[in-house]
Amino acid sequence: MKIWILAVQGDFAAHAEMLAGLGVETVEVRTPEDLAGCDGLILPGGESTAQLQFLQEEGLSEAIKKFAAENKAILGTCAGAILLATEVKNPKQGSLGLLDMTVLRNGYGRQVHSDVVSGHSSLKKEPLEMVFIRGPVIERVGPNVEVLAEYAGRPALVQKGRVMASAFHPELTNDTTVHERFVKLAAQKSNGERSDLKS
């Protein structure tokens, strides 16, 4: 199994390093053709407006929507989470609309307010380490979206089906919990198994 990572800008290399530590190969995605044979896709952090523009100009926007329609695994972190949301505010902008949630851009403050925190999650007993860098606030989630982790009373990690979104940067910690969860999602799809992982 291999995980594909959108390699436009941002911290895609850190995701690749994290997955390599789990024994998972990665492939960089820059064109729609790069998605062929993909088991799982990561949309990393960066600048969501610039990433969205690139996706639209290169035809990747529709390719990713088709990828999601085929019920394949997708993880969006920080800017990637913004791209997945059905509604983006502060300011309002377009998105892929693949996960029923409303996000508030830079909701946790500017880059100088970035921080490393620990929060409760349903994925393990110990606190989950979270790195926020101008992270979006997940303001609302749809009725069928599962909240896997919270910070400051708001969802920080959510999932619906095979689509996951994180307001923080799991690839910038030593905690592999989020990536392990995503790899299991992608592996189940590649084996034709059910993906309704329960915490």
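Placed above this text is the structure.
A quick note: this is a predicted structure, and the numbers were derived from the prediction, not measured.

Enquirer: A description of the overall build of the chain should follow, citing residues and the corresponding values.
Expert: Helices and strands together make up the secondary structure of the chain, namely five helices and twelve strands. What you see for the chain is a C-alpha radius of gyration of 15 Å, in line with the 16 Å of a compact globule of 199 residues. With respect to the principal axes defined by its C-alpha atoms, the chain has extents near 40 × 40 × 30 Å. A separation threshold of at least 6 residues defines the contact pool for the chain, and within that pool the share at least 24 residues apart is 62%. Of the roughly 8900 Å² that the chain leaves accessible, carbon and sulfur atoms contribute 47%. Taking the average location of the 21 positive side-chain charges in the chain and that of its 25 negative ones, the two points are 6 Å from each other.

Enquirer: Can you break down the packing of aromatic side chains residue by residue, with the values?
Expert: Summed over all chains, the structure comprises two aromatic pairs. The structure contains a cluster of three or more aromatic residues connected by ring pairs, namely Phe132, Tyr151 and Phe168.

Enquirer: Tell me what's going on with the pattern of salt bridges, and back it up with residues and numbers.
Expert: For the structure shown, the criterion picks out eight salt bridges. Here Arg105 ties to Glu47 by a salt bridge, and the two come within 2.9 Å at their closest N and O atoms. Here Arg105 is found in the loop between β6 (99–104) and β7 (115–119), whereas its partner Glu47 is found in the loop between β3 (40–43) and α2 (48–58), with 58 residues between them in sequence. Using a relative accessible area of 10% as the deciding quantity, one classes Arg105 as buried. The partly exposed category is assigned to Glu47, whose relative accessible area is 27%. The closest approach of N and O atoms between Lys72 and Glu70, which form a salt bridge, is 3.6 Å. Since its relative accessible area comes to 37%, Glu70 is described here as partly exposed.

Enquirer: An account of the pairing of strand β8 (residues 128–132) is requested, with residue identities and associated values reported.
Expert: Along β8, four of the five residues are buried, which leaves the element largely enclosed by surrounding structure. Summarising the sheet, β7 and β8 pair through five bridges and their orientation is antiparallel. Directly across from Val116, in β8, lies its bridge partner Val131.

Enquirer: Account for the sheet that holds strand β9 (residues 137–141), naming residues and giving values.
Expert: By definition, the strands of a sheet pair up through backbone hydrogen bonds, in either a parallel or an antiparallel sense. Pairing is mixed across the open sheet formed by three strands, whose spatial order is β5-β6-β9. The sheet terminates laterally at β5 (85–89) and β9, the two strands that pair on one side only. Neighbour-to-neighbour, the strand axes of the sheet open up by a mean angle of 25°, direction not taken into account. Bridge count between β6 and β9: four bridges; the pairing is antiparallel. The residue bridging Thr102 from the neighbouring strand is Arg140, located in β9.

What counts as what
Residues numbered from 1 in each chain as written. Predicted model: local features only at pLDDT ≥ 70, side-chain atom pairs only at ≥ 80, totals over all residues. Heavy atoms only, no water. Helix = DSSP H or I, 4+ residues; strand = E, 2+ residues; numbered from the N terminus. Rg over C-alpha atoms; globule rule 2.2 N^0.38 Å. Contact = heavy atoms within 4.5 Å. Areas by Shrake-Rupley, 256 points an atom, 1.4 Å probe, with all protein chains shown as cover. Lys, Arg positive; Asp, Glu negative; His and termini not counted. Charge placed at Lys NZ, Arg CZ, Asp CG, Glu CD. Phe/Tyr/Trp six-rings, centres within 6.5 Å; stacked < 30°, edge-to-face > 60°. Salt bridge = Lys/Arg side-chain N within 4 Å of Asp/Glu carboxyl O. Buried < 20%, exposed > 50% of the residue type's maximum accessible area, 1.4 Å probe, protein only. Pairing = 2+ DSSP bridges. Axes fitted to C-alpha atoms, helices over the stretch in contact; angles between N-to-C directions.

Taken by themselves, the reported measurements are silent on function.
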